[in-house]
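Close look at the chain arrangement
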Amino acid sequence: MSNASTMTDPNLVAEMAIKEMETHGVAPTPDNYEFWFTHLSGTNPDLSREVDLLTQNGKVKDAGQLNTLRERYITQADKDSAMLDVGGRLEKELAGVMQMLETASKDTGAYGDSLNNVTAALDAERSPAELRVLMETLVAATRTMEGRSKQLEQRLEESKEEVTQLRRNMEEIRTEAMTDQLTGLANRRKFDDTVAACMKSAEDNETPFTLILGDIDHFKKFNDTYGHQTGDQVLKLVAQCMRHHVRDPLTPARYGGEEFALILPFTDLEAGVRIADQVRRMIESKELVKKSTGENLGAVTMSFGAALFEPGETIRDLIKRADACLYTAKRHGRNQVRSEISEDVRKMAS
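So, on to the pattern of salt bridges. Overall, the coordinates contain eleven salt bridges when judged by the stated rule. Between Lys-200 and Asp-204 there is a salt bridge, with the nearest N and O atoms lying 2.7 Å from each other. In this pair, Lys-200 and Asp-204 are both assigned in helix H6 (residues 188-205), four residues apart and thus about one turn of the helix distant. On the basis of relative accessible area, Lys-200 is assigned to the exposed category, the value being 55%. In the salt-bridge network here, residues are joined through shared partners; they are Asp-277, Arg-280, Arg-281 and Glu-284.

Our focus in this paragraph is H6. Along its 18 residues, H6 runs 25 Å from first to last C-alpha, staying within 8% of the 26 Å computed at 1.5 Å per residue. If you check which residues of H6 are buried, you get Phe-191, Thr-194, Val-195, Cys-198, Met-199 and Ala-202. Across the axial projection of H6, the buried residues extend over an arc of 140°, all falling on one side. Exposed side of H6, more than 90 degrees from the buried face: Lys-200 and Asp-204 are the residues found there. The secondary structure elements touched by the buried residues of H6 are strand E1 (209-216), strand E2 (251-256), strand E3 (259-265) and helix H10 (315-331). The N-terminus of H6 is capped by Asn-187, whose side-chain oxygen sits 3.2 Å from the backbone nitrogen of Arg-189. Remark: Glu-206 follows H6 within two positions and exhibits a positive phi of approximately 55°.

Each aromatic ring pair is characterised by the separation of its centres together with the angle its planes make. Counting across every chain of the model gives three aromatic pairs. Ring geometry for Phe-209 against Phe-309: centres 6.3 Å apart, planes inclined by 45°, an arrangement best described as tilted. Note that Phe-209 is positioned in strand E1 and Phe-309 in the loop between strand E6 (302-308) and H10, a separation of 100 residues in sequence. Take Phe-309: its relative accessible area is 7%, and that puts it in the buried class. When the centroid spacing of 6.4 Å and the interplanar angle of 40° are considered together, the rings of Phe-222 and Tyr-226 count as tilted. Taken together, the residues Phe-222 and Tyr-226, both in helix H7 (residues 219-226) and four residues apart, mark about one turn of the helix. Taking the relative accessible area as the measure of exposure, Phe-222 reaches 3% and is therefore buried. Judged by relative accessible area, which is 25%, Tyr-226 ranks as partly exposed. Lying across the ring of Phe-222, Lys-221 places its NZ or CZ 5.3 Å from the centre.

Moving on: the packing of H7 against helix H8 (residues 228-245). Taken N-terminus to C-terminus, the directions of H7 and H8 make an angle of 145°; their axes are 6 Å apart at the nearest point. For the pair H7 and H8, contact is made by Phe-219, Phe-222, Asn-223 and Tyr-226 and by His-228, Thr-230, Gly-231, Val-234 and Leu-235, respectively. By residue class, the composition of the contact of H7 with H8 is five nonpolar, four polar and no charged.

Turning our eyes to something else, we now look at the pairing of strand E5 (residues 296-299). As paired strands, strand E4 (residues 287-289) and E5 are joined by three bridges and run antiparallel to one another. Its bridge partner lying in E5, Glu-287 is registered against Ala-299. Once E4 ends, the chain turns through six residues before running back antiparallel as E5, passing Gly-294 with a positive phi of about 80°.

Glancing now at the packing of H6 against H10. At their nearest, the axes of H6 and H10 sit 11 Å apart, and the two run at 105° to each other. Here H10 runs roughly perpendicular to H6, going by the angle between their axes. Across the interface between the two elements, Phe-191, Asp-192, Val-195, Ala-196 and Met-199 of H6 pack against Ile-315, Leu-318 and Ile-319 of H10. Grouping the amino acids of the contact of H6 with H10 by side-chain chemistry returns seven nonpolar, no polar and one charged.

Ranked by size, the top nonpolar core spans 30 residues in total, and within it Ile-216, Met-242, Phe-260, Leu-262, Val-300, Met-302 and Phe-304 carry the most contacts. Among the secondary structure elements, those contributing two or more residues to this core are E1, H7, H8, E3, helix H9 (269-285) and E6. The leading source of residues in this core is H8, at seven residues. Excluding its chain neighbours within four sequence positions, the residues that come into contact with Val-300 are Ile-216, Phe-222, Val-234, Leu-237, Ile-283, Glu-284, Lys-286 and Leu-288. Membership of the second largest hydrophobic core comes to 19 residues, among which are Met-199, Tyr-255, Phe-309 and Ala-322.

Quick notes on the rules
- Residues numbered from 1 in each chain as written.
- Predicted model: local features only at pLDDT ≥ 70, side-chain atom pairs only at ≥ 80, totals over all residues.
- Heavy atoms only, no water.
- Salt bridge = Lys/Arg side-chain N within 4 Å of Asp/Glu carboxyl O.
- Helix = DSSP H or I, 4+ residues; strand = E, 2+ residues; numbered from the N terminus.
- Buried < 20%, exposed > 50% of the residue type's maximum accessible area, 1.4 Å probe, protein only.
- Expected span 1.5 Å × (residues − 1).
- Arc of directions from axis to C-beta.
- Contact = heavy atoms within 4.5 Å.
- Polar contact = N/O pair within 3.5 Å; in protein donor to acceptor, adjacent residues only side chain to side chain.
- Phe/Tyr/Trp six-rings, centres within 6.5 Å; stacked < 30°, edge-to-face > 60°.
- Lys NZ or Arg CZ within 6 Å of the ring centre and 35° of its normal.
- Axes fitted to C-alpha atoms, helices over the stretch in contact; angles between N-to-C directions.
- Nonpolar A, V, L, I, M, F, W, Y, C, P; charged D, E, K, R; others polar.
- Pairing = 2+ DSSP bridges.
- Parallel < 35°, antiparallel > 145°, perpendicular 65-115°, else oblique.
- Core = buried A, V, L, I, M, F, W, Y, C linked by side-chain atoms within 4.5 Å.

Following this line, the structure appears as structure tokens:
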């Protein structure tokens, strides 16, 4: 169902959300309700377009796809809002520090004027009473300055702790905003940013950069046969194997649903294929056991496609070529790594 305009009646939207979940056989969980409510309210047009596309392709029941959209458009929005809030608080705190320093500068200037006045007065002959008044004035000004300095020192220390905590909070939120909640890998946003940075670095420094896309073979079977919890277990298993073989500056990422990626800067195509094959072999060697029953569900396999970045191309072009290699791996039996050295892959990508 398309939503060209925003619906303002929450009761109507809630009723429609429940009906849509029933129609599409989606479990009425709180997360799913939030997802469908947001979609049907029309407040997030990008999300609605994605859901309409899934509906047209008959994939609206795919929990992996829905989780990916939820992460991208709902959970991500919450994280962005939290980051903006922390950023606003940090900006306010820093503005307060600047104001304190400005006030301290004025106080220092006033104290300097007092010292100059007393010094000038001492140059002339003064009676003991007048000297006593000058000294009392100087002592009072000094005590006032000392008090202001202690207040400033205390406030700056408090502000330092607050700024440190806010920065720590912002870093945690930023990390969460770039991390896939289920697998702990880089999410799609982090994928886009990292690939863009790697492409620029490869072009500027004339270094190789290989992108690998992977897809779990027959993943839908795990979800349909054993349930989404088992499907999540498969996704976590793949992520674990990727982390085992990939270290900084190489980056494993969850591209979306059951699709993953290996972002490999400073890595030529041959080395990239070798890394992908190590991951593939490790995944294949694992036996999946259903946690709730202890049932052995057999091995999980994965197909990969590898493409070497070509200077001047766009992210879209690079992904298209890697995806073409992945499709070839699927078409030739799955559970393998294909790269652009294959002639049929080049024909598909052209």
